[in-house]
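One-letter residues, chain by chain:
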Amino acid sequence: MEHYQPLEIVKYQHGYDPNFSLDAEYQQRLANVSSVVTNLHPLLNFKKSDEQTKQYPIFFVYTPNMVNLFNRFLLNSQKIKEASRKLPPVALDQFLDSLLLGEITYTNSIEGIKTDAAEISTIIRSIDGHPKGQEKRLWSTIRMYREVQKGNLLKIESLQDFRNIYDKLLKGEIPVEKQPNGQLFRDTLVDGVLRVGSATKTVHVPPISELAISEALSSLIAFMSKDDLPAVYKALVTHFFFENTHPFLDGNGRMGRYLLSTYLSSKYDRFTGFSVATAIHAQVSSYYRIFKEADKEENRAELTFFIEKMLQILTDQQDKVLNALITAKEKLNRVKSAASAKANKLAEVGYDKKTVYGIIFYLAESKLFTGNNPSLGIQDRVIVELVSKEGSSQREIKRELKALEESGLIKKIASRPKQHILAFDID
């Protein structure tokens, strides 16, 4: 397995060997004891023509590299869960909200859609108290992700479920001319063609008719319902096949990444799941390259190298998340000491020591876990609720908040709902 290569490269390497047979090499791979062969038949593109084929089933081989990446993925997920358990609940929620902000921003950025971080932050902070049915742009998308964050996952058991998720996830995001024009999915193509990729480079030409799409997604539902594969392999095969099928005129990438995020969140951890689009965005050129390679007829629907690269992309992002969690926990201990020292000094000039310590600590903790996104920070009402549990009266907390603002130690950045940030560095 040391020099295991895609079939198209093996073919090139044996270009002048009359005894080499690509089909024989392919059959040997299928028969390998380390191979997994599925019943999913993607639409593959021929290299030098516009012809396509669904002749070959998706398969992959458990290479040493893949197994090592899988083990690293599992270990990282476990370390992330252990590190997250050491965080206070408020910090944990803010860290997850920060990941969610990145996920929404990057899943749109991959599609060339610009979003405003402050706008997304505002929605994230107010979504739970906002009545359903009154959403503006992005509200429904963020609500769907927040449901995943809470552990409320959607099941896909029918073709209608795909459409239901699509409608909810992308409500208000799809222009009228790109709404599904079949019963559930796309059917009649706009301009007669649909190409997956950038504005200048085609990665894949998907199935044309709604009938072909329905047949493909029905086979995907059957694949998803089986428990014969580790979850991450199933998730990555599903992600490829959904994108290969491309059932809608617009929004397929966003929905595909949402489905991958949902599945990884449920089977592993929310931090990994909420880093999918962020991970892909960081290596988007590689992401499109492995899709294009897996779509080639010469490679016979082998996903070995697609899975390996996707595991690499995901584990690289896990490393970043884990490092951020550990670093934030270390800084949090220093923040506690610094907040205590600041409260002691303020007590000397008339502030209530216990109350101002609580206010300063929660504001500092919020800054630590929301980074450069102050609009995701803790709101005054939450500070009042938390500090009051530690023995201060709500009236006293509000009085000290006002005094700290008047003295310039904290700064008001929002009025409805009211929110402050620290006006000085504490760590």
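Data block above holds the structure.
Attention in this report is confined to the structure presented alongside it.

So, how was this worked out
Residues numbered from 1 in each chain as written. Predicted model: local features only at pLDDT ≥ 70, side-chain atom pairs only at ≥ 80, totals over all residues. Heavy atoms only, no water. Salt bridge = Lys/Arg side-chain N within 4 Å of Asp/Glu carboxyl O. Helix = DSSP H or I, 4+ residues; strand = E, 2+ residues; numbered from the N terminus. Buried < 20%, exposed > 50% of the residue type's maximum accessible area, 1.4 Å probe, protein only. Expected span 1.5 Å × (residues − 1). Arc of directions from axis to C-beta.

Thoughts on the pattern of salt bridges
Note on pairing: side chains with opposite charge can pair once their charged atoms come close.
Thinking step 1. If you walk through the whole model with that rule in mind, you get 17 salt bridges.
Thinking step 2. Glu298 is the partner of Lys11 in a salt bridge, and the nearest nitrogen-oxygen pair spans 2.9 Å. One end of the pair, Lys11, is in helix α1 (residues 7-13); the other, Glu298, is in the loop between α13 (284-294) and α14 (304-347), and 287 residues separate them in sequence.
Thinking step 3. Since its relative accessible area comes to 37%, Lys11 is described here as partly exposed.
Thinking step 4. Judged by its relative accessible area of 10%, Glu298 is buried.
Thinking step 5. Note that Arg72 and Asp316 form a salt bridge whose closest N and O atoms lie 3.1 Å from each other. Of this pair, Arg72 sits in helix α3 (residues 64-85) while Asp316 is found in helix α14, placing the two residues 244 residues apart along the sequence.
Thinking step 6. On the accessibility criterion, Arg72 (26% relative accessible area) is partly exposed.

Points about helix α17 (residues 394-406)
Thinking step 1. Over its 13 residues, α17 extends 18 Å from the first C-alpha to the last, a length consistent with the 18 Å expected when each residue adds 1.5 Å.
Thinking step 2. Along α17, the residues that are buried comprise Glu396, Ile397, Glu400, Leu401 and Leu404. The buried residues of α17 occupy one face: seen down the axis, they fall within an arc of 140 degrees. Exposed residues pointing more than 90 degrees away from the buried face of α17 are listed as Arg395, Lys398, Lys402 and Glu406.
Thinking step 3. Two residues or fewer past α17, Gly408 is found with a positive phi of approximately 85 degrees.

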